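A look at the structure
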Amino acid sequence: MPAPLYDGSAMEILVTADGSLTWRDRTVRCALGRGGVTHDKREGDGATPAGRYPLRRVFYRADRGAAPETLLPVQIINRDDGWCDDPIHEAYNTLVRLPFSAGHEIMWREDTLYDLVVEIGYNDAPPTPGAGSAIFLHVASADYTTTEGCVALAKPDLRELLATCDDSTHIVVTAPA
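This text gives an overview of the structure that appears in the document. Since we're looking at a predicted model, the values are computed, not measured.

1. Some words on the side chain of glutamate 105
Relative to the assigned elements, glutamate 105 resides in strand β10 (residues 104-106). One buried charged side chain, glutamate 105, makes no salt bridge at all; its nearest oppositely charged neighbour is arginine 109, positioned 4.6 Å away. Here the side chain of glutamate 105 touches tyrosine 114 through a polar contact of 2.5 Å, side chain to side chain. Ignoring anything within four residues of it in the chain, the contact list for glutamate 105 reads Asp81, Gly82, Trp83, Asp85, Tyr114 and Ala134.

Next up, the structure:
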């Protein structure tokens, strides 16, 4: 089922396949998945899933900055936080504690990409094995290198965006025609 079109409301964030992210009257550059934007997301394809998704919660590295101003739930990232990306594991597409025997991402990264991370409600209610996991809104690299399927923007832009978000906010990712 195709995602509803962006309606311009203050509670929706529009992401276009050309790498722009718009909310309210502000547009900024963003990085998307190395596999482009797709309606047929699969685990490991590097694509950003097209559709309309809620924002679930914000994670941040307290050792690298203050908690963001936002009305979304906020959680500190700990050294033992991971995210299960193993499609056959019962914890697929959820936060897990490390060490963890199945495939996973490490949330406590040495680079700055996960200093501030927003969990996007993609494939989580409930997760469909193999349909993609760990789809986040996070900090972009300085050169806006493509992501593994996430949406990434400059840290100041992400902080500014989060200040306008609450639990009714949705992100709308559009695929090329």
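2. A look at the pairing of strand β14 (residues 170-173)
Every second residue of β14 is oriented toward a common face, with His170 and Val172 on one face and Ile171 and Val173 on the other, all of them buried. Where strand β1 (residues 12-16) lies against β14, 4 bridges are found, and the strand directions are parallel. Across the sheet, residue valine 15 finds its bridge partner in β14, namely valine 173. In this structure, strand β6 (residues 51-60) lies alongside β14, joined through 4 bridges in antiparallel fashion. Paired with proline 54 across the bridge in β14 is histidine 170.

3. What about the side chain of threonine 164?
Its place among the elements puts threonine 164 in the loop between α1 (155-162) and β14. At 2.7 Å, the side chain of threonine 164 forms a polar contact with the backbone oxygen of leucine 161. Residue contacts for threonine 164: discarding those within four places in its chain leaves Met11, Trp23, Arg24 and Thr169.

4. Section: the pairing of strand β12 (residues 136-139)
Pairing between strand β11 (residues 116-120) and β12: 3 bridges, direction antiparallel. In the sheet register, glutamate 119 faces β12, and the bridge partner there is phenylalanine 136. Taken together, the 3 bridges between β12 and strand β13 (residues 151-153) define a ladder with parallel strand orientation. Residue pairing across strands places leucine 137 opposite valine 151, the latter belonging to β13.

5. Observations concerning the packing of aromatic side chains
Following the criterion strictly, the structure yields 4 aromatic pairs and no others. Between the aromatic rings of tyrosine 53 and tyrosine 122, the centroid separation amounts to 5.3 Å while the plane-to-plane angle is 90°, which identifies the pairing as edge-to-face. On the criterion of sequence distance, the pair formed by tyrosine 53 in strand β6 and tyrosine 122 in the loop between β11 and β12 is long-range, its members being 69 residues apart. Assigned by exposure class, tyrosine 53 and tyrosine 122 land together as buried.

6. Let's talk about the sheet that holds strand β8 (residues 81-84)
Read from one edge of the open sheet, 3 strands run β9-β8-β10, paired in antiparallel fashion. Lying at the two open borders of the sheet, with one neighbouring strand each, are β9 (95-97) and β10. Geometrically, the sheet is characterised by an average inter-axis angle of 40° between neighbouring strands, direction not taken into account. The sheet contact formed by β8 and β10 spans 3 bridges and is antiparallel. Opposite tryptophan 83, over in β10, you have glutamate 105 as the bridge partner.

7. Thoughts on the pattern of salt bridges
For the structure shown, the criterion picks out 13 salt bridges. Of the charged contacts, one joins arginine 26 and glutamate 160 as a salt bridge, the two residues approaching to 2.9 Å between their closest N and O atoms. Linking arginine 26 in strand β3 (residues 26-29) with glutamate 160 in helix α1, this pair joins segments that are 134 residues apart in sequence. We classify glutamate 160 as partly exposed; its relative accessible area is 37%. Each of Arg26, Asp157 and Glu160 takes part in one network of salt bridges that share partners.

Conventions used here
- Residues numbered from 1 in each chain as written.
- Predicted model: local features only at pLDDT ≥ 70, side-chain atom pairs only at ≥ 80, totals over all residues.
- Heavy atoms only, no water.
- Helix = DSSP H or I, 4+ residues; strand = E, 2+ residues; numbered from the N terminus.
- Buried < 20%, exposed > 50% of the residue type's maximum accessible area, 1.4 Å probe, protein only.
- Lys, Arg positive; Asp, Glu negative; His and termini not counted.
- Salt bridge = Lys/Arg side-chain N within 4 Å of Asp/Glu carboxyl O.
- Polar contact = N/O pair within 3.5 Å; in protein donor to acceptor, adjacent residues only side chain to side chain.
- Contact = heavy atoms within 4.5 Å.
- Pairing = 2+ DSSP bridges.
- Phe/Tyr/Trp six-rings, centres within 6.5 Å; stacked < 30°, edge-to-face > 60°.
- Axes fitted to C-alpha atoms, helices over the stretch in contact; angles between N-to-C directions.

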